[in-house]
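These are the residues of each chain, in order.
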Amino acid sequence: MTDIIVFFIGASLLLYVLLGGSDYGAGIIELLPAGTFREKQKHVINEAMGPVWEANHMWLILIVVILFVAFPTIFTTLMIALHLPMLALLVGIVVRGTAFTFRHYDAIQEPRSQRAYTLLFGVSSLWTSFWLGIIVASLNRGTINLEAATFWDAYIAPWWGVYPLSVGLFVASIFAFLAGVYLISETDDAALQRRFTRHAAVFNALVIVSGGLVFAASFIERESLPSRFFRTPSTIAAMALATLLFVVLWRVIPKRNALLTRVVAGGQVALILLGWWLLYAPDAVHTVQGPLNFYQEAAPHATMLQLVIALLVGSLFIFPSLFFLLRVFKSKQHPSGD
Amino acid sequence: MDNLIAARATMGFSLGFHIIFAAIGMVMPLLMSAAHYLFLKKKDPAYLELTKMWLKGVAIFFAVGAVSGTVLSFELGLLWPGFMKHAGPIIGMPFSWEGTAFFLEAVAIGLFLYGWKRMKPWVHWCTGLTVGISGFVSGIFVVAANGWMNAPAGFDWIDGAAHNVDPVKAMFNRAWLHETIHMQLAALQAVGFAVAGIHAFLYLRGRAQALNLKAIKIALVFGASAAIAQPFAGHFAGQRVAELQPAKLAALEGHFKTGPRAPLYIGGIPDEDTQTMRWGIPLPGMLSFIAFNDVDAVVAGLDQVPREDWPHVAIVHVSFQIMVAIGMVMALSGVLFFVFLKRRIFPHWYLCLLVLFIPLGMIAIEAGWIVTEVGRQPWIIHGIMRTKDAVTPVPGMVYHFYLFLVLYLLLWCVTGWLFHRQIQAVQKKFEDVP
Ligand code: HDD
Ligand code: HEM
Ligand code: HEM
């Protein structure tokens, strides 16, 4: 029972990073100076993200709901110890969601307000993905301490440090990289395609650099990460494969095969996530008092059963409709709607 | 402001903000589908115009509803970890089904908004209807979760922990039925009247009158029917509350002393210190009748409840009065709508009235939730757990409160401004249409 639910958490996380992540990345890309491309780029991003926007963000809500239904102690521990980063994340989510929608649906489209929306969208995308990284990094550092006596130890120390900071950067780079790759085949304009390709390349480099930074930081902080890493061959394999795929990716991109490019880039990110997961599973969170494990913290059996039923029945509805959504919008032969 | 008050205030206004968008998000898609249906059936382009107009509203309000809902799902843990630790698994069932319904809604809205030229007309219509239905269903699920807080069921509370959890029993608790019926009607009537009011305004300004009249009719067929049913649903809710939460009932009526032939007060401000009602007009026996269908029945007053278990009597009573007054006025104007619909003529004063009524339904929704939620205090789970035992240990919640206050006020302003521009654009478009 727990296995199925943990699988759903993992799958939702992956889909959130892949789908929601490219939305974040699009915002980050829009922050970069674009000169004459600005309008065209905005149009492409609106067209590409608009239809799937709401659906992409449901994965995060799904994770939250599964956590509080099935693993209430894990949920409340995180919400107490990481109160501040969660708050920062929420502010970002609110600003992003509204800026993106308002930009599209403002009845009077004038340059001044449009620029303001775009700026807000970009800044909040960067901000939110950064905090998302900080939260993820704090899960397994072992610095969460619910019995701490001081404000600093209880609510700041769990997420403060070079390591979470560099994971924040790493996540933002991954998102921007995904968006770059994703957007290449969303436009027919050759110049814009070249631009997105260049972005993808730059952020690809950044992913590698900030990934290195994550390692370096964890050495500096004497986290458990490095020693754990070298003791987990499956993680090493996943990371090696992910790195190898970079080479494949840059051979695939010039071929202009949208699907293949996306599969390779997505596969890379999936491998990174998988590596991280294998490193710690089945522990979800590490606290000063010890790890919180999915199996030990699970809700009563009756609850888990109901949740599994809801998730499976939900999947019966959601996956076909999601597939339908993608098919309707990603088939190229139609002119743009709305 | 202490931590508990700050957390309660934050929760209160986040929910108060969300509920408006949620109500719109539940009902606008239904109105839109109705207009779209009429277009597909009658091929009258006016209905298509309406569908597209309402669709913009759906998109904007849906997005704000979605982000404010995301905030809520985090806030349950950020503000009330003591509650969620126990309640999460018990009320998980409605929340997980709600998640499913939301998901479907989010996919369907993408299809509907962007799929005009990409699907067969009736398939496209179905996606719009799916948005409406799944929004409506998800509303039912969340409110059922709230019902559990008022009438906890489906577990045994032993030594401060829940045992023998039964999520199905918890979901179908004793309060879920009256709360969901009442809430869904409330959403229908509040949004129906607000939409009708906006179109009445455009009509009175002389813009595209034929179109606006059509809009008023669609919106009020939903709104007025709900408004007429609402007092009955409210009466049903009152009876359930009398049975389940006597302290809440006593507070909402400002009823201090237990006794037979209990009076119902119109207006008035209850004074907790002297335990009397000031300035209210009593209708003897009416409260007994409303609560138990018998003018001579004994109704428990607040004197039966330990003082520390009283909710804030004045807030609950005044909110209740506001809700009921609005309910009566709206039910009446609902009846008038059907009369005028039958006569095929809407008098000028009635349209002016509709404009005045734009905010009424929303005010009643807010007032109703204040009755329910403040009336439940000091309990977060009625009779089981106190709100003060559930609040987060994180200090300095005041800052959290101010941060969100500013954020939400800004969001209000921007949404209002955007909506204003939308109406401006509509007006401009119809400048010369008769
Ligand atoms: C348009 C909105 C609206 C209108 C016109 C009314 N209500 Fe209401 N009322 C609500 C909107 C609402 C609500 C916001 O939807 C509440 C809050 C929680 C709930 O289930 O419904 C509510 C709660 C609520 C409760 C508390 C239920 C509980 O705590 O479990 C009672 C007793 C009533 N209502 C009674 C009435 C009566 C007698 C009305 C007479 C016309 C009435 N309401 C009109
Ligand atoms: C959307 C409509 C709702 C509104 C406007 C609303 C309003 C409020 C208000 C004003 C408070 C503060 C009460 C006080 O502390 O005096 C509150 C508290 C709370 N509400 Fe609601 N509520 C709504 C629906 C819900 C639902 C559906 C749930 C849960 C399933 C819920 C859960 C809570 C919780 C956990 C608290 C904090 C604990 C407490 O104060 O008892 N609310 N709400
Ligand atoms: C504690 C209380 C609540 C929580 C945690 C909550 C959570 C959420 C979440 C996460 C979303 C976003 C879903 C999406 O992206 O589509 C949402 C939207 C929505 N909520 Fe709430 N909600 C609460 C109270 C309510 C209440 C009381 C109602 C209705 C009676 C309601 C009705 C809706 C609807 C219809 C939507 C769809 C979005 C829209 O149409 O605007 N919610 N809510």
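Residues numbered from 1 in each chain as written. Chains lettered and ligands numbered in written order. Predicted model: local features only at pLDDT ≥ 70, side-chain atom pairs only at ≥ 80, totals over all residues. Heavy atoms only, no water.

Enquirer: Would you mind showing me how to read the interface of chain A and chain B here?
Expert: It is common to give the size of an interface as the accessible area lost on bringing the parts into contact. Taken residue by residue, the interface counts 66 residues in chain A and 64 residues in chain B. Carbon and sulfur atoms make up 80% of the area that chain A and chain B hide from each other, which totals about 6000 Å². Remark: the boundary between chain A and chain B carries 0 salt bridges. Linking chain A to chain B there are 2 residue pairs in polar contact (both at pLDDT 80 or more). Top element by residues in the side of chain A that touches chain B is helix H13 (residues 301-330) of chain A. It accounts for 16 residues. Across the side of chain A that touches chain B, the residue classes break down as 45 nonpolar, 17 polar and 4 charged. (Contact = heavy atoms within 4.5 Å. Buried area = accessible area lost by both parts, 1.4 Å probe. Salt bridge = Lys/Arg side-chain N within 4 Å of Asp/Glu carboxyl O. Polar contact = N/O pair within 3.5 Å; in protein donor to acceptor, adjacent residues only side chain to side chain. Helix = DSSP H or I, 4+ residues; strand = E, 2+ residues; numbered from the N terminus. Nonpolar A, V, L, I, M, F, W, Y, C, P; charged D, E, K, R; others polar.)

Enquirer: Got a minute to help me understand the pairing of strand E1 (residues 283-287) of chain A in this structure?
Expert: Two faces belong to every sheet, and in a regular strand the side chains alternate between them. Residue and element names in this part refer to chain A. For E1, the tally of buried residues reaches 5 of 5 residues, placing the bulk of the element in the interior. Taken together, the 4 bridges between E1 and strand E2 (residues 290-293) define a ladder with antiparallel strand orientation. The residue of E2 that forms the bridge with Val 285 is Leu 292. Joining the antiparallel neighbours E1 and E2 is a turn of 2 residues. (Buried < 20%, exposed > 50% of the residue type's maximum accessible area, 1.4 Å probe, protein only. Pairing = 2+ DSSP bridges.)

Enquirer: So what exactly am I meant to see when it comes to the site of ligand 1 here?
Expert: Residue and element names in this part refer to chain B. Taken together, 24 residues surround ligand 1, and among them His 178, His 182, Lys 248, Met 323 and Thr 372 come closest. Here an oxygen atom of ligand 1 and a side-chain polar atom of Lys 248 are 2.6 Å apart. Top contributing element to the shell around ligand 1 by residue count: helix H8 (residues 209-244), with 7 residues. When the residues that make up the shell around ligand 1 are grouped by side-chain class, the tally is 11 nonpolar, 11 polar and 2 charged. (Near = heavy atom within 4 Å.)

Enquirer: Mind showing me how you'd approach a nonpolar patch on the surface here?
Expert: Residues and elements named next belong to chain B. A surface patch of nonpolar side chains, amounting to about 460 Å² of accessible area, comprises Ile 266, Ile 281, Leu 283, Met 286, Phe 289 and Val 295. Residue placement: Phe 289 occurs in helix H10 (residues 286-292). With relative accessibility at 36%, the residue Phe 289 sits in the partly exposed group. (Patch = residues over 30% accessible without salt bridge, like charges linked within 9 Å, V, L, I, M, F, W, Y side chains within 5 Å. Areas by Shrake-Rupley, 256 points an atom, 1.4 Å probe, with all protein chains shown as cover.)

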